[in-house]
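Remarks on the overall topology
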Amino acid sequence: MKKKLVFVLLIAVMALALVPTASAAPNAAVNCDQTYTVTAGDTLSTLADKFLGNLKAYWAIMAQTNYKNVEDPSYTLINNPDVLEVGDKLCIPSKADADAILAKFGDPAKGNVSVLFGAKTGGQLVAGNWWTSGGELAAINAVYDLYRAKYPNVQIINAGVAGGGGVNFKGATLTKLQGGDPYDVFQLHAGLEVVQYDPEKYLSPVEDIINEGEGDVMPADLKALLTYKGHMWTVPMNIHHGNVNWINKKIFADNGLTPPTTMDEFFQVADALKAKGILPLAMGGSEGFEQSQTFEMVLIATVGPDGLKGLWNGSMKWSDPKVTDALNTYKKVLTYTNEDRAALSWDQATKLVIDGKAAMNWMGDWADGEFIKAGKTSADYDGIPAPGNKGAFLLVSDGFALPQQAKNKDNAVNFLKLITTKEAQEAFNIKKGSICSRTDCDYSKFDDYLKSSAAEFKTDNIVPCATHGSAIVPSWATAFGDILKKFTADGDVEAAQKALVQAAIDNGVPQ
Ligand code: GAL
């Protein structure tokens, strides 16, 4: 818990502080009082306590290690003070150096983030994103490694704002854009999510970058999603599958059960597991996107992929009795989930399956990144279509946008060009648990699950995801999310359906 607080603090700093282009780090040789190699169980705060007698001096260890990294890359670059890997090489400052760094950094609530990173001649690249879980961070770090190899003189600042699905990041990003202090590049989804950032006012079109890099090898469904008001505003780097059932194979084998393919089978299997005291379905909810995403899966199982598309475009009405069925089914599904779901993040729920504490987790395939990060293989787990979802591909695609007022424009453009490449997309997606947003990646290098996802993408009915920014305008997506959060808590089917009807009307889709 303490660790999380630390990172949330950095996030507050990232969100509030101006990140100047010139770094405040020293150019003189950096002295390490000691060099320390991380072992299992170490955290920056416990190390700060041990070496400097001050829990809060972890900022100083982070900064000194990052300064040292500029002159000697064998020292770790610490982007996230909450994530240390065994083997990371740290530069522990002397007490005097630590005090000087802490004084420059100032009050952590308003701290000067640039103090935490070294100075380089090529300036900085401030990359805003919400990829802070183990798998997510490993994936974006793989892209940064490629960027660093190509542009060694640029200091990358990973502005990672915790909160899956961008729950905290999106508001912070808008505030920074409006305040004229944007990230140099920032994460967003392909699709209508871009509307909330007023692209014509704040963003630069990126179709030239896309066309030069991946235009010829981009799937048509994705191309269509990317265009808004005659321009593309997002350089995509992946395609996530949003409707996957993650299975702990051992639990199924030990109990002689077969993973369910339909909702009826799900309830049978879930009853059998429940009777044995095993949690059938792990679910998170603290970030507030899990509820509506799970409901999208139940809707696909109930009204079909074309039905779900119809609900968004008005050809099917939210008052339809099948929507009532879906709400009732979702309510029943919840009875097979962990009671503390409102307190768990998505990756904590996935971890229950990884650790053998739950049999299933319905989640996007960013969960695959968590299994990979935990060292699991296809002998341990499987990712199959959520019950009743076979043949439907709930599409979520991540990319980056270019603010008009990016302070390090050239560095930003070079980053966007890099993420269009096959090399960067392979490096990223193998770890992220997604397939490329280009059609020519070499899937022999990807895990078994991703091989199947790539094959399904070619033949499935592609359904843009509402929860993750693709299908509907942000105001509707927010209302949809709020209705599902309320329904998950109170179970009032009639009220939820009424609210779903109203949300469609409010967003210009007559009912
Ligand atoms: C989604 C995003 C994924 C993954 C997930 C959980 O919105 O598209 O890449 O990061 O949130 O954080």
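Preceding this paragraph is the structure being described.
Read on for an overview of the structure. The shown structure was predicted, so the numbers you read here are calculated from the model rather than taken from an experiment.

Let us look at the overall build of the protein chain. Counting its regular elements, the protein chain contains 20 helices and 16 strands. The C-alpha radius of gyration of the protein chain comes to 23 Å, within 12% of the 24 Å expected for a compact globule of 511 residues. For the protein chain, with 511 residues in total, the buried portion stands at 57%. Contacts in the protein chain between residues at least 24 apart in sequence constitute 77% of all its contacts with a sequence separation of at least 6.

The subject of this paragraph is the nonpolar core. Core analysis: the biggest nonpolar cluster contains 159 residues, and Leu 90, Phe 295, Trp 318, Phe 415 and Leu 416 have the highest contact counts within it. By residue number, the principal contributor to this core is helix 12 (residues 290-313), which donates nine residues. If we skip the residues at most four places from it in the chain, Phe 295 touches Trp 318, Ala 326, Leu 327, Tyr 330, Phe 480, Leu 484 and Leu 500.

Before going further, it helps to spend a moment on unusual backbone geometry. Positive phi, normally seen in glycine, also occurs at Asp 198, with a value near 45 degrees. With respect to the helices, strands and loops of the structure, Asp 198 is situated in the loop between strand 5 (185-189) and helix 7 (199-202). For Asp 198, a relative accessible area of 36% gives the class partly exposed. The phi dihedral of Lys 229 falls on the positive side, at around 50 degrees, and the residue is not glycine. In this structure, Lys 229 sits in the loop between strand 6 (227-228) and strand 7 (231-232).

Quick look at the site of the ligand now. Within the structure, the ligand sits among 13 residues, and Glu 136, His 189, Asp 398, Lys 432 and His 468 are positioned closest to it. In this structure, an oxygen atom belonging to the ligand sits 2.8 Å away from a side-chain N or O atom of His 189. Contacts to the ligand include Asp 398, whose side-chain N or O atom sits 2.6 Å from an oxygen atom. Summarising the interface, the protein chains cover 100% of the accessible area of the ligand, which totals 300 Å² for the free molecule. Here the residues of the shell around the ligand sort into five nonpolar, five polar and three charged.

Taking strand neighbours across the sheet as the criterion, the five strands line up as 4-3-5-15-8 in an open arrangement whose pairing is mixed. Looking at the sheet topology across the chains shown, the edges are occupied by strand 4 (155-160) and strand 8 (235-236). Here four bridges tie strand 5 to strand 15 (residues 398-401), and the two strands are oriented antiparallel to one another. The partner of Gln 187 across the bridge, within strand 15, is Phe 400.

Attention now goes to the state of the cysteines. Disulfide: a covalent bond connecting the sulfur atoms of a pair of cysteines. Scanning the model with the defined rule gives two disulfides in all. With its sulfur 2.1 Å from that of its partner, Cys 32 forms a disulfide with Cys 91. On the sign convention where negative means left-handed, the S-S torsion of about -110 degrees between Cys 32 and Cys 91 marks this disulfide as left-handed. With Cys 32 in the loop between helix 1 (2-16) and strand 1 (34-37) and Cys 91 in strand 2 (residues 89-92), the pair connects residues that are 59 residues apart, well separated along the chain. Classification of Cys 91 by relative accessible area gives buried; the value is 0%. Each disulfide pairs two cysteine sulfurs, and for Cys 436 the partner residue is Cys 441, the sulfurs being separated by 2.2 Å. Negative torsions about the S-S bond denote left-handed disulfides, and the value of about -100 degrees found for Cys 436 with Cys 441 makes this one left-handed.

Quick look at the side chain of Asn 129 now. If you trace the backbone, Asn 129 turns up in strand 3 (residues 124-129). A relative accessible area of 0% places Asn 129 in the buried class. A distance of 3.2 Å separates the side chain of Asn 129 from the backbone oxygen of Ala 127, its partner in a polar contact. At a separation of 3.5 Å, a polar atom in the side chain of Asn 129 contacts the side chain of Tyr 144. Setting aside residues no more than four positions away along its own chain, Asn 129 makes contact with Tyr 144, Asn 158, Ala 159, Gly 160, Val 161, Phe 169, Gln 187 and Phe 400.

On to the pattern of salt bridges, then. Under the criterion given, the structure shown has 15 salt bridges. Measuring nitrogen to oxygen at the nearest pair gives 3.3 Å for the salt bridge that ties Glu 193 to Lys 170. Taken together, the residues Glu 193 in the loop between strand 5 and helix 7 and Lys 170 in helix 6 (residues 169-178) connect sequence positions 23 residues apart. In this structure Glu 193 comes out as buried when scored by relative accessible area, which is 3%. For Lys 170, a relative accessible area of 18% gives the class buried. Across the pair Lys 445 and Glu 426 runs a salt bridge whose closest N-O atoms are separated by 2.6 Å. Placement of the pair is Lys 445 in the loop between helix 17 (422-432) and helix 18 (448-459) and Glu 426 in helix 17, with a sequence separation of 19 residues. With relative accessibility at 48%, the residue Lys 445 sits in the partly exposed group. On the basis of relative accessibility, which here comes to 7%, the residue Glu 426 falls in the buried class.

Buried within helix 6 are the following residues: Phe 169, Lys 170, Ala 172, Thr 173, Lys 176 and Leu 177. Buried residues of helix 6, viewed axially, fall in a sector of 165 degrees; they line one side. Those residues of helix 6 that are exposed and angled more than 90 degrees off the buried face are Thr 175 and Gln 178. Within two residues after helix 6, Gly 180 carries a phi angle of roughly 75 degrees, on the positive side.

What follows is about the sheet that holds strand 13 (residues 381-385). Read across the sheet, four strands follow the order 11-12-10-13 without closing on themselves; strand pairing throughout is mixed. In this open sheet, the two edge strands, each paired with only one partner strand, are strand 11 (279-282) and strand 13. Across this sheet, the average inter-strand angle for adjacent strands is 25 degrees, counted without regard to direction. Bridging between strand 10 (residues 244-248) and strand 12 (residues 358-363) involves four bridges; their strand directions are antiparallel. Its bridge partner lying in strand 12, Asn 245 is registered against Trp 362. Packing against the sheet, helix 11 (residues 263-275) makes contact with strand 11 and strand 12, and its axis sits at approximately 145 degrees to strand 12.

Conventions we followed
Residues numbered from 1 in each chain as written. Predicted model: local features only at pLDDT ≥ 70, side-chain atom pairs only at ≥ 80, totals over all residues. Heavy atoms only, no water. Helix = DSSP H or I, 4+ residues; strand = E, 2+ residues; numbered from the N terminus. Rg over C-alpha atoms; globule rule 2.2 N^0.38 Å. Buried < 20%, exposed > 50% of the residue type's maximum accessible area, 1.4 Å probe, protein only. Contact = heavy atoms within 4.5 Å. Core = buried A, V, L, I, M, F, W, Y, C linked by side-chain atoms within 4.5 Å. Near = heavy atom within 4 Å. Polar contact = N/O pair within 3.5 Å; in protein donor to acceptor, adjacent residues only side chain to side chain. Areas by Shrake-Rupley, 256 points an atom, 1.4 Å probe, with all protein chains shown as cover. Nonpolar A, V, L, I, M, F, W, Y, C, P; charged D, E, K, R; others polar. Pairing = 2+ DSSP bridges. Disulfide = S-S within 2.5 Å. Salt bridge = Lys/Arg side-chain N within 4 Å of Asp/Glu carboxyl O. Arc of directions from axis to C-beta. Axes fitted to C-alpha atoms, helices over the stretch in contact; angles between N-to-C directions.

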